[in-house]
Amino acid sequence: MLFRSDEAAATLEFRLRSARSAPYIATSPHEVPGDPLVQQARIEQFIAHEREVLLVALDDAGRIIALAALTSPGRARLNHVLDLGMALDEAWRGRGLGTLVMRALLDWARACPGVLKVSLGVIPENHAAIRLYERMGFVPDGLQRAHFRRDDGVFLDHALMAFWVKPGAGPGDRKSVV
């Protein structure tokens, strides 16, 4: 499936809007590629990769209001893990869209053969996101101290969270290597 250049451009516009309005997104506005062809190529990579998915939510006018992805680390020893990233339009936060997006992504992960864990990172000060992730079944999975640096130079911690996709796959249920 090929995306038209205007669809790739709309995706870029959303990414830029999100980078400007969401202080907890790792991508700075100047890092969003300006060329829709670059974005189109990345979208086509998602389509071609059986272990990755890109979810785009649109409002009634066809405007992008959420962009979310599950990506594979691309290493054999990490093949059981998918990394989750998502952004919601500022006007749609707190209205249930995040829950719908997360359900769709987690349903997709459950259906993906060999996937045991979905991992994400979140700034601890992003309380609304953490509440959503906890409601969806994510649990703390570590903390990276001073891992995220805001544009003003302030360092923030980065909390890791995990969702165990298959019953019996979580900590304490793993096969020991000792």
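Here, the structure is the one placed above.
Not measured: the values here are computed from a predicted model.

1. Description of the pattern of salt bridges
At step 1: Within this structure, the stated rule accounts for eight salt bridges.
At step 2: Across the salt bridge formed by E13 and R17, the nearest N and O atoms sit 2.6 Å from each other. With E13 and R17 both in helix α1 (residues 5-21) and four residues apart, this pair spans about one turn of that helix.
At step 3: The class of E13 is partly exposed, set by a relative accessible area of 41%.
At step 4: Given a relative accessible area of 19%, R17 falls into the buried group.
At step 5: Across the pair E52 and R42 runs a salt bridge, and its minimum N-O distance is 3.7 Å. Taken together, the positions of E52 in the loop between α2 (36-48) and β1 (53-58) and R42 in helix α2 put the pair ten residues apart, joining distant regions of the chain.
At step 6: What emerges from the salt-bridge pattern is a single network uniting E13, R17, R63 and D89.

2. Looking at the sheet that holds strand β5 (residues 139-149)
At step 1: Judged by pairing direction, the sheet is mixed, and its six strands sit side by side in the order β1-β2-β3-β4-β6-β5 without closing on themselves. Strand pairing shows two members of the sheet lacking a second neighbour, β1 and β5, which therefore form its edges. Across the sheet, the mean angle separating the axes of adjacent strands is 20° when strand polarity is ignored.
At step 2: As judged from the six bridges shared by β1 and strand β2 (residues 64-71), these two strands associate in the antiparallel manner. Its bridge partner lying in β2, L58 is registered against I64.
At step 3: Packing against the sheet, helix α4 (residues 127-135) makes contact with β3 (81-88), β4 (117-122) and β6 (155-164), and its axis sits at approximately 165° to β4.

The rules behind these values
- Residues numbered from 1 in each chain as written.
- Predicted model: local features only at pLDDT ≥ 70, side-chain atom pairs only at ≥ 80, totals over all residues.
- Heavy atoms only, no water.
- Salt bridge = Lys/Arg side-chain N within 4 Å of Asp/Glu carboxyl O.
- Helix = DSSP H or I, 4+ residues; strand = E, 2+ residues; numbered from the N terminus.
- Buried < 20%, exposed > 50% of the residue type's maximum accessible area, 1.4 Å probe, protein only.
- Pairing = 2+ DSSP bridges.
- Axes fitted to C-alpha atoms, helices over the stretch in contact; angles between N-to-C directions.
- Contact = heavy atoms within 4.5 Å.

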